Amino acid sequence: ADDTVVGFICSTRCSEFEEESMSTHDDSGRILCVHSVVVDEKHRRQGIATHMVQNYLKHIALVHSSLNAHTDNSGIDRVQLLAKSHLLGFYVNNGFSVIRPSPIVHGKETWFELEVRQEWL
């Protein structure tokens, strides 16, 4: 089997979805911020990102439900991310809803805030 990594998802936990949450991890944060869903250019358009996002959300839902079963109340309440307009369809098809244009600015393009729909968690 080929063990080459062709993609990854990067995220952190935070208490508020704001610019600072893009670079800081809060162990007790109840929001999971997805920062990157990346697939190597040679492997794009093969369903890898869809597979990664769907499995990631399944894993979060499993961890989320098991964390909430404990008395320490350390679960995740929601999963959010920022995306450019050309990726909105991809994320909506994978369980996210567009919330609003984001006040967080990175470069010249408008970014949009998205959140996982509850039925996916």
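Residues numbered from 1 in each chain as written. Predicted model: local features only at pLDDT ≥ 70, side-chain atom pairs only at ≥ 80, totals over all residues. Heavy atoms only, no water.

**Q** Describe the overall build of the chain, and please don't skip the residues or the numbers.
**A** The secondary structure content of the chain amounts to two helices and five strands. Buried positions account for 32% of the 121 residues belonging to the chain. Considering only contacts in the chain between residues 6 or more positions apart, those separated by 24 or more positions represent 56%. When the accessible area of the chain is evaluated, it comes to approximately 7,600 Å², of which 51% is carbon and sulfur surface. (Helix = DSSP H or I, 4+ residues; strand = E, 2+ residues; numbered from the N terminus. Buried < 20%, exposed > 50% of the residue type's maximum accessible area, 1.4 Å probe, protein only. Contact = heavy atoms within 4.5 Å. Areas by Shrake-Rupley, 256 points an atom, 1.4 Å probe, with all protein chains shown as cover.)

**Q** If you had to explain the packing of aromatic side chains to someone new, which residues and values would you point to?
**A** Summed over the entire model, instances satisfying the criterion amount to two aromatic pairs. With centroids separated by 4.9 Å and ring planes inclined at 75°, the aromatic side chains of Phe90 and Tyr91 adopt a geometry described as edge-to-face. Judged by centre distance (5.6 Å) and plane angle (80°), the ring pair of Tyr91 and Phe96 falls under edge-to-face. Accessibility expressed as a relative area gives 7% for Tyr91, which makes it buried. Note on Phe96: relative accessible area 2%, which makes it buried. (Phe/Tyr/Trp six-rings, centres within 6.5 Å; stacked < 30°, edge-to-face > 60°.)

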